[in-house]
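# A look at the structure
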Amino acid sequence: MSTHALYVTAAYAITAVVLAGLIGWILLDQRARKRELAELEAAGIRRRSDKPSKQPAKS
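Residues numbered from 1 in each chain as written. Predicted model: local features only at pLDDT ≥ 70, side-chain atom pairs only at ≥ 80, totals over all residues. Heavy atoms only, no water.

### Notes on the overall build of the chain
Helix and strand counts for the chain stand at one helix and zero strands. The burial tally for the chain puts 2% of its 59 residues in the buried class. (Helix = DSSP H or I, 4+ residues; strand = E, 2+ residues; numbered from the N terminus. Buried < 20%, exposed > 50% of the residue type's maximum accessible area, 1.4 Å probe, protein only.)

Pasting the structure below:
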């Protein structure tokens, strides 16, 4: 294997490891945020977007 091929293979391997790490981090963070939202909703805290659709018109 030439030096150039070794360099290219190493670059691809490092890139694959970094991308896999980022994807894993995103999935773990998503799971944590969903858990936090579920805890907040269980405590009675609702989302702002969850307000009733019929609100009195402001003058």
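Right, picking up where we left off after that structure.
### A word on a nonpolar patch on the surface
On the surface, a nonpolar cluster with roughly 540 Å² of combined accessible area is contributed by Ile 14, Val 18, Leu 19, Leu 22 and Trp 25. On the basis of relative accessible area, Trp 25 is assigned to the exposed category, the value being 61%. (Patch = residues over 30% accessible without salt bridge, like charges linked within 9 Å, V, L, I, M, F, W, Y side chains within 5 Å. Areas by Shrake-Rupley, 256 points an atom, 1.4 Å probe, with all protein chains shown as cover. Salt bridge = Lys/Arg side-chain N within 4 Å of Asp/Glu carboxyl O.)

### Some details on helix α1 (residues 3-42)
If you check α1, its first and last C-alpha atoms are 59 Å apart, about what 40 residues at 1.5 Å a residue would give, namely 58 Å. At the exit of α1 stands Gly 44, carrying a positive phi of roughly 95 degrees. (Expected span 1.5 Å × (residues − 1).)

### Considering the pattern of salt bridges
Counted by the stated rule, this structure contains two salt bridges. Note that Arg 33 and Asp 29 form a salt bridge whose closest N and O atoms lie 2.8 Å from each other. Of this pair, Arg 33 and Asp 29 both sit in helix α1, four residues apart, which is roughly one turn of the helix. Using a relative accessible area of 37% as the deciding quantity, one classes Arg 33 as partly exposed. A salt bridge links Glu 36 to Arg 33, with the shortest nitrogen-to-oxygen separation between them at 2.7 Å. Separated by three residues within a single helix, Glu 36 and Arg 33 lie in helix α1, roughly one turn from each other. A network of salt bridges, in which partner residues are shared, links Asp 29, Arg 33 and Glu 36.

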